[in-house]
Amino acid sequence: KGGWITMPDTVFIPWEQITDFMTKAFIKAGVPHEEAAICADVLAESDRRGIDSHGVNRFKPIYIDRILCGMQKPVTDFEIIKETATTAVVDGHDGMGMVVAYKSMELAIRKAKQYGMGMVAARNSTHYGIAGYYAGMATKKNMIGITGTNARPSVAPTFGVENILGTNPLTFGLPTDEEFPFMIDCATSITQRGRIEYYARRGMETPAGAVIRQDGESITDSDQILKDLTNGEAALLPLGGMGETLGGHKGYGYATVVEILSSALQAGCCLKMLSGLNEHGQKSPIHLGHFFIAIDTEAFLGADTFKEQAGNILRELRKSKTAPGCERIYTAGEKEYLAWLDRKDKGVPAGGSIQKDLCDVRDLLDMPYRFSFEPDNSAVLNKSASRG
């Protein structure tokens, strides 16, 4: 403990250590043990898949800091407020979004197992990490998993410049006969805040054409974009970009579908109501909404038939002719699987800013913890003493 010591730019932290630390830190912040383990696993899973924008780098700013400032509650009161055989509406009461999402998808899967399909809509939740985690819960049960969530306003509608929609991911997980499912997990905007935060941490510019200012001009300075998104001076663009020429209206349309399904089914908050600021400009709960759908492939012509056909389609796609200069074709979920094969024995990559965040959380919560990337000060002192 003590002051921050400059660390190597990037190190790999063993999976067991990072998961153990995040779990214990969540517990110290007031999250019950079982729920803390869920939260830590969701964040670690993002890094396992190579989705560094939503993993450990968001542990402090999006979760620990928000718990400590009162934007979300560490203990999740998961309340079912209406239920039928195949549907449910739940209220998360501003608890941990990962816990709300986990329990909601569990409920949808149970309904699908009994009736073939299940859908759960959640309100008054908080950021739930990578959407693919919950779709993956379904694929592991030979089910199709679908989920979406609204988010803080940051995306402009087609022909607009005001950040009013969220990045609103629409995520599908499909089981296959391969070692990994088909998993399309992405925002309905060109990029998202998490990716821009990642660029800013690394001193990189955001690609031109992804963000516009109020005057309609593109902006690429990542640090400035994060500030301007907060004060409303900039907006992300929907998939397809500005206007309709390259299909920007399609991304805008899908973002709106997610917004409606994340709020209208459960009478939840939407659009500008999700700013995370109260009428006095102070931080307050965001009240996000999510939806979860599970479809049992066994209820159709059987799981094996579905998985084989899905696998055949994906293999046929990969075998199709590649463009000049391109090495090969991938299908959704494949690169994430390859990232895991590369990282499973290495651990989670952590740059200097992430290392600092972890140490700051450790000191802030007064945890007796030492990371593998920290210098062994006792060894340094012993070496110095021997020279003396």
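Notes on the structure in this doc start here. Owing to the predicted nature of the structure, the values given are computational and were not obtained by experimental measurement.

## Comments concerning a nonpolar patch on the surface
Residues Tyr330, Leu338, Trp340 and Leu341 make up a contiguous nonpolar surface patch of about 330 Å² in total accessible area. For Tyr330, the location among the structural elements is in the loop between helix H9 (303-319) and helix H10 (334-343).

## Observations concerning the nonpolar core
Within the largest apolar cluster, 59 residues are counted, with the highest numbers of intra-cluster contacts made by Phe21, Phe26, Phe59, Tyr134 and Leu358. Looking at which element gives the most residues to this core, the answer is helix H4 (residues 97-115), with 9 residues. Residues within four places of Tyr134 in sequence aside, it is in contact with Val42, Met98, Ala101, Tyr102, Met105, Tyr128 and Phe292. Counting 11 residues, the second largest nonpolar core, distinct from the first, contains Ile196, Ala210, Val211 and Ile219.

## Considerations on the sheet that holds strand E2 (residues 79-83)
Ordered by their spatial adjacency, 7 strands build an open sheet running E2-E3-E4-E10-E5-E6-E7, and the pairing between neighbours is mixed. With one partner strand each, in any of the chains shown, E2 and strand E7 (182-184) form the two edges of the open sheet. Adjacent strand axes in the sheet meet at a mean angle of 15° when their direction is disregarded. Where E2 meets strand E3 (residues 87-91), 4 bridges bridge the pair, whose relative direction is antiparallel. Along E3, the bridge assignment pairs Glu83 with Ala88. In the packing of H4 onto the sheet, the strands contacted are E2, E3, strand E4 (117-125), strand E5 (143-149) and strand E10 (288-296), and the crossing angle to E4 comes to about 160°.

## A few points about the side chain of Thr171
Within the secondary structure layout, Thr171 lies in strand E6 (residues 170-174). Of the polar contacts made by the side chain of Thr171, one reaches the side chain of Asp185; its length is 3.1 Å. Ignoring anything within four residues of it in the chain, the contact list for Thr171 reads Ala131, Gly132, Ala135, Gly145, Ile146, Thr147, Met183, Ile184, Asp185 and Cys186.

## Some remarks on the side chain of Glu259
Checked against the element boundaries, Glu259 lands in helix H8 (residues 248-261). It turns out Glu259 is buried and unbridged, and the closest side chain with the opposite charge, Lys272, is 11 Å from it. In terms of polar contacts, Glu259 uses its side chain to reach the side chain of Asn168, at 2.8 Å. There is a polar contact of 2.9 Å between the side chain of Glu259 and the backbone nitrogen of Leu271. Residues contacting Glu259, with those up to four places away along its chain left out, are Asn150, Leu165, Gly166, Asn168, Cys270, Leu271 and Leu274.

## Quick notes on the packing of helix H1 (residues 15-28) against helix H2 (residues 33-48)
Here H1 crosses H2 at 140°, and the two axes come no closer than 8 Å. Relative to H2, the element H1 lies oblique. The hand of the H1/H2 crossing is right-handed. Of the residues in H2, those in contact with Trp15, Thr19, Met22, Thr23, Phe26 and Ile27 of H1 are His33, Ala36, Ala37, Cys39, Ala40, Leu43, Ala44, Asp47 and Arg48. Partitioned by chemical class, the residues of the contact of H1 with H2 number 10 nonpolar, 3 polar and 2 charged.

## Describing H2
Over its 16 residues, H2 runs 22 Å from end to end, which matches the ideal 22 Å to within 8%, given 1.5 Å per residue. Most of H2 is tucked away, with 12 of its 16 residues classed as buried. On its buried face, H2 sits against H1, helix H3 (59-69), H4, helix H5 (132-139), H10 and strand E11 (348-351). Of the residues trailing H2, Gly50 is marked for its positive phi of about 85°.

## So, the packing of H1 against H3
As a packed pair, H1 and H3 sit with axes 11 Å apart at the nearest point and diverge in direction by 20°. By the angle between their directions, the pair H1 and H3 is classed as roughly parallel. Crossing hand, H1 versus H3: right-handed. Between H1 and H3, the contacting residues are Phe21, Met22, Ala25 and Phe26 on the first element and Phe59, Tyr63, Ile64 and Ile67 on the second. Classifying every residue of the contact of H1 with H3 gives 8 nonpolar, no polar and no charged.

So, how was this worked out
Residues numbered from 1 in each chain as written. Predicted model: local features only at pLDDT ≥ 70, side-chain atom pairs only at ≥ 80, totals over all residues. Heavy atoms only, no water. Patch = residues over 30% accessible without salt bridge, like charges linked within 9 Å, V, L, I, M, F, W, Y side chains within 5 Å. Areas by Shrake-Rupley, 256 points an atom, 1.4 Å probe, with all protein chains shown as cover. Salt bridge = Lys/Arg side-chain N within 4 Å of Asp/Glu carboxyl O. Helix = DSSP H or I, 4+ residues; strand = E, 2+ residues; numbered from the N terminus. Core = buried A, V, L, I, M, F, W, Y, C linked by side-chain atoms within 4.5 Å. Buried < 20%, exposed > 50% of the residue type's maximum accessible area, 1.4 Å probe, protein only. Contact = heavy atoms within 4.5 Å. Pairing = 2+ DSSP bridges. Axes fitted to C-alpha atoms, helices over the stretch in contact; angles between N-to-C directions. Polar contact = N/O pair within 3.5 Å; in protein donor to acceptor, adjacent residues only side chain to side chain. Lys, Arg positive; Asp, Glu negative; His and termini not counted. Parallel < 35°, antiparallel > 145°, perpendicular 65-115°, else oblique. Left-handed = near helix turned anticlockwise from the far one by under 90°. Nonpolar A, V, L, I, M, F, W, Y, C, P; charged D, E, K, R; others polar. Expected span 1.5 Å × (residues − 1).

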